[in-house]
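# Chain and residue survey
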Amino acid sequence: MGAIRGVRRWRHNPLWRATDRHEAWVTLGALALLTVGAPAAGWAAGALADASLQREVAAQHAERRATAATVVGGPPGARRFTGDPDVTSGRTVVAAWRAPDGSPRTGEVTVVSGSGAPGSPVRIWTDGAGVPVPPPMAPGTARTHAVLGGIGAFLLAAGCVEAGRRLVVGRLVRARYARWDRAWADAGTDWGRAGTGSGEPEPHGGR
């Protein structure tokens, strides 16, 4: 509000040029967008991303199921699927489990390091056909991604506003300099000479 009162106070100042007025309003508009528009854009983007990711999380939890399996062989040496959502590393073993229709299945799964002895139980994730799949995304992880997306949208919006402000102000400054150049050119070569505009003839060398 203080900035707006300052603009109003300067509007009647004889030194207040049109470009100064335009530049002030551009700055005020950019400030409003930075304080209101950019946060709103970040919140909207984060909310949309969170809603989309939560739907994806729900779909993954509906399509994938935790299945009890039993290790039946040693590791073939390749990592394939993480059997537990809390596991960040592990080793691949051959395990046996049953599909939702009750049919037996055998395949490679990844288990926690040190827990892949033959005969030991392990939890894996499978789809509706009983095929091993990665674990579903956790709701908290999805929300973290949404928050990061909202922050990114806020920063992008703020950067666009600042870039637009700099572009407009730069054009106003160039226009101001151009008018100054024209004013100096219109003043002519007699600008600043003694007697110019005084109405008195210049002396011509003595009495």
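Numbering of residues starts from 1 in each chain and follows the order in which that chain's sequence is written. Note on the predicted model: pLDDT of at least 70 is required for a residue's local features to be given, and 80 or more for side-chain atom pairs to be given and counted; whole-chain, interface and lining totals, by contrast, use all residues. Calculated side-chain values reflect all of the structure's heavy atoms, with hydrogen atoms and water omitted.

Right, let's get into the overall build of the chain. By definition, any uninterrupted DSSP run of H or I lasting at least four residues is a helix, any uninterrupted run of E lasting at least two residues is a strand, and each is numbered from the N terminus. Looking only at helices and strands, the chain features 3 helices and 4 strands. Its helices and strands taken in sequence order, the chain reads α-α-β-β-β-β-α from the N to the C terminus. Across the 207 residues in the chain, those meeting the buried criterion constitute 25%. Once local pairs closer than 6 in sequence are excluded, the contacts in the chain between residues at least 24 apart make up 65%. Areas reported as accessible are Shrake-Rupley estimates using a 1.4 Å probe. Residue values count occlusion only from the protein chains shown. A total accessible area of about 13,700 Å² is found for the chain, and carbon and sulfur atoms account for 61% of it. Exposure classes here rest on a 1.4 Å probe applied to the protein chains alone. A residue is buried below 20% of its type maximum, exposed above 50%, and partly exposed in between. The contact rule is simple, with two residues in contact once any of their heavy atoms fall within 4.5 Å.

This part takes up the nonpolar core. Residue types Ala, Val, Leu, Ile, Met, Phe, Trp, Tyr and Cys, when buried and joined through side-chain atoms within 4.5 Å, form a set referred to as a nonpolar core. Judged by nonpolar contacts, Ala69, Val71, Val93, Ala95, Trp97, Val109, Val111, Val122 and Ile124 together constitute the single largest core of 9 residues. Residue assignment for this core shows that the elements contributing at least two residues are strand E1 (65-73), strand E2 (91-98), strand E3 (104-111) and strand E4 (121-126).

Among the secondary structure elements, Gly128 is positioned in the loop between E4 and helix H3 (139-187). The class for Gly128 is partly exposed, based on a relative accessible area of 49%. Each C-alpha atom, one on Gly128 and one on Ala62, is 9.3 Å from the other, the two residues being 66 residues apart in sequence. Apart from the residues lying within four places of it in its own chain, the contact partners of Gly128 are Glu63, Arg65 and Pro100.

With that out of the way, let us pick up the confidence of the model for the chain. As a per-residue quantity, pLDDT reports the predictor's confidence and falls between 0 and 100. Confidence in the prediction for the chain averages 77 pLDDT; 70% of positions are at 70 or higher. Confidence drops under pLDDT 50 across residues 77-88; counting only partners more than four residues distant or on other chains, this segment forms 29 contacts. Low pLDDT, under 50, characterises residues 198-202; the stretch is placed with 3 contacts to residues that sit more than four places away or in other chains.

This next bit is on the sheet that holds E3. In sheet architecture, strand pairing relies on hydrogen bonds along the backbone and comes in two forms, parallel and antiparallel. Each pair of strands is called paired provided DSSP finds at least two bridges between the two strands. If you trace the 4 strands from one edge of the open sheet to the other, you get E3-E2-E1-E4, paired in antiparallel fashion. Both outer strands of the open sheet, E3 and E4, are each paired with one neighbouring strand and no more. Across the sheet, the axes of successive neighbouring strands diverge by a mean angle of 50°, strand direction being ignored. Taken together, the 8 bridges between E2 and E3 define a ladder with antiparallel strand orientation. Note on E3: the bridge partner recorded for Thr92 is Thr110. Axis geometry follows a simple rule: fit a line to the C-alpha atoms, using only the stretch in contact for helices, then measure angles between N-to-C directions, giving values from 0 to 180 degrees.

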